[in-house]
Each structure stands twice: as C-alpha cells, then as structure tokens.
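Structural features, examined
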Amino acid sequence: ALHILAERVAENPEYRNRLRDELSAHGMVRASVIKGKESEKTKYEMYYKFEELVPKIPSHRVLAIRRGTRENVLTYTVDIEKEKLIEGIGAQVIKERSSIFATHLERAVRDGFERLLEPSIQNELKSVLRDRAEAEAIKVFEENLRTLLLAPPAGPIGVIGMDPGLRTGCKVAVVDETGKFL
C-alpha cells in the first residue's frame, strides 16, 4: 500500500511541476571525482569538488562535466533543499495530522519523493541542461565557422568566384576586400 501511495505522489503533475520549477530556479549542479581517482591529475581537476546554481552554470561547464562523467572521472547530480518540498507535499497529502495513518503517509511521501520523483525530475533537468549546452555550442561553432569561411581568401582584396554551369547556367559570387559577401 505504501508503494502505491509513493507512486501516486511521484506521478502527481502538480508535485512534479513544483519540483521541476524549484530545481530549475534553485537547483545546484554538484560534480565530484569518482572514488579512487582523487590523486589522479586530469583535465577535470577543477570539477573534483564543484557546485554552481543551475540558472547560472555556463554551457561549456555542463559539457565539460558531462565529458568527465563519460570518461569515468566525474559524477554529477542536480540537488535541491528537499526537506521543504517534502514537507509541502506532506501537508497536501496528510489532511489530518492526528490520524493513525499520518506516519505511514509521511513515509510514503518521503519514499515517493526520494525514490521516484526526485530521480525522474533530475534526469529531465540533466537532459534540459545537455540540450541547452549543445545548442549553445553549435551556435558558437557556427559563428566561428562563418567567420572563418567568409574571411578574405587572398588577403584584403575583392574576389569573384565563377561556376561555369553548362546545363544550369553560369553562377557568380563576389566577396569584397573586407570579406563581405556581395
């Protein structure tokens, strides 16, 4: 019965949204080194004991922490002060504190939060952080590549490029001395 109640707590959309919002606004990304690798010198040393707020963490750090995790050097979580959230959910679930079932309901709420709800929302937020970081990395790469490809190919001179298409017609492209596509 407690498992069923815990599952109901974990599947409640209101509780899920509350935890999701709380983690997004006040969550803390915590990275740490895997046990046994504390003395190893790696490029992830700055993340051996690392924490930063979710809304403030830059994308390049998220990507670095994820790389360190894939290379079995780091582990990371997204944490929050959960006692207030558990108490808030408990206050909504337990209508009468003097009931003989109140202690059982408290156990079910805590179990549902810690075992089911929190890990699920943490995984969602990790996925959101990854998507945001990858999108920003792609944007930076695109800007750098655009600058590189539109740089003047032979120095500061204008260039005309021609594609003499017999079947589809001739195409011409002009780039001025600053590298601007005309």
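Residues numbered from 1 in each chain as written. Predicted model: local features only at pLDDT ≥ 70, side-chain atom pairs only at ≥ 80, totals over all residues. Heavy atoms only, no water.

1. Let's talk about helix H3 (residues 59-70)
One full turn of an α-helix is made of 3.6 residues, so residues set three or four places apart face in the same direction. Between its terminal C-alpha atoms H3 stretches 17 Å, which fits the 16 Å expected from twelve residues at 1.5 Å a residue. Within the span of H3, buried status applies to Ser59, Val62, Ala64, Ile65 and Gly68. Considering only its buried residues, H3 is in contact with strand E1 (28-33), strand E2 (49-53), strand E3 (74-79) and helix H5 (102-149). Backbone geometry just after H3 places Asn72 at a positive phi near 55°. (Helix = DSSP H or I, 4+ residues; strand = E, 2+ residues; numbered from the N terminus. Expected span 1.5 Å × (residues − 1). Buried < 20%, exposed > 50% of the residue type's maximum accessible area, 1.4 Å probe, protein only. Contact = heavy atoms within 4.5 Å.)

2. A look at empty space enclosed by the protein
One pass over the full model with this rule turns up one cavity of 30 Å³ or more. A volume near 40 Å³ is recorded for the largest cavity. In terms of lining residues, the largest cavity is bounded by Val29, Val62, Ile65, Tyr76 and Leu129. Of the residues assigned to the lining of the largest cavity, the class counts are five nonpolar, no polar and no charged. (1 Å grid on protein atoms, 1.4 Å probe; cavity = no way out; pocket = protein on both sides within 12 Å on 5 of 7 lines; lining within 4 Å. Points joined across faces, edges and corners; volume = space filled by probe spheres on them. Nonpolar A, V, L, I, M, F, W, Y, C, P; charged D, E, K, R; others polar.)

3. Thoughts on the packing of helix H1 (residues 2-11) against H5
Between H1 and H5, the least distance of the axes is 8 Å, while the angle of their chain directions is 55°. Considering their axes alone, H1 and H5 lie oblique with respect to each other. Judged by the sense of rotation from one axis to the other, the crossing of H1 with H5 is right-handed. Two secondary-structure elements touch here, H1 through Leu2, His3, Leu5, Ala6, Glu7, Val9 and Ala10 and H5 through His104, Leu105, Arg107, Ala108, Val109, Asp111, Gly112, Arg115, Leu116 and Leu117. Of the residues that constitute the contact of H1 with H5, the class distribution is ten nonpolar, three polar and four charged. (Axes fitted to C-alpha atoms, helices over the stretch in contact; angles between N-to-C directions. Parallel < 35°, antiparallel > 145°, perpendicular 65-115°, else oblique. Left-handed = near helix turned anticlockwise from the far one by under 90°.)

4. Thoughts on the pairing of strand E4 (residues 159-165)
When E4 meets strand E5 (residues 169-175), the two strands line up antiparallel, connected through seven bridges. Each bridged residue has a counterpart across the sheet, and for Gly161 the counterpart in E5 is Ala173. Hairpin connection between E4 and E5: a loop of three residues separates the two successive antiparallel strands. (Pairing = 2+ DSSP bridges.)

5. Re the nonpolar core
Membership of the largest hydrophobic core comes to 32 residues, with the highest contact counts inside it found for Leu19, Val29, Tyr47, Ile65 and Leu117. Taken together, the elements giving at least two residues each to this core come down to H1, helix H2 (13-26), E1, H3, E3, helix H4 (82-93) and H5. The dominant element in this core, judged by the number of residues it contributes, is H5, at seven residues. Beyond its immediate sequence surroundings of up to four residues, Leu117 is in contact with Ala10, Tyr15, Arg16, Leu19, Ile89 and Gly112. (Core = buried A, V, L, I, M, F, W, Y, C linked by side-chain atoms within 4.5 Å.)

6. Focus on unusual backbone geometry
Not every positive phi belongs to a glycine, and Asn72 is a case in point at roughly 55°. Residue position: Asn72 is located in the loop between H3 and E3.

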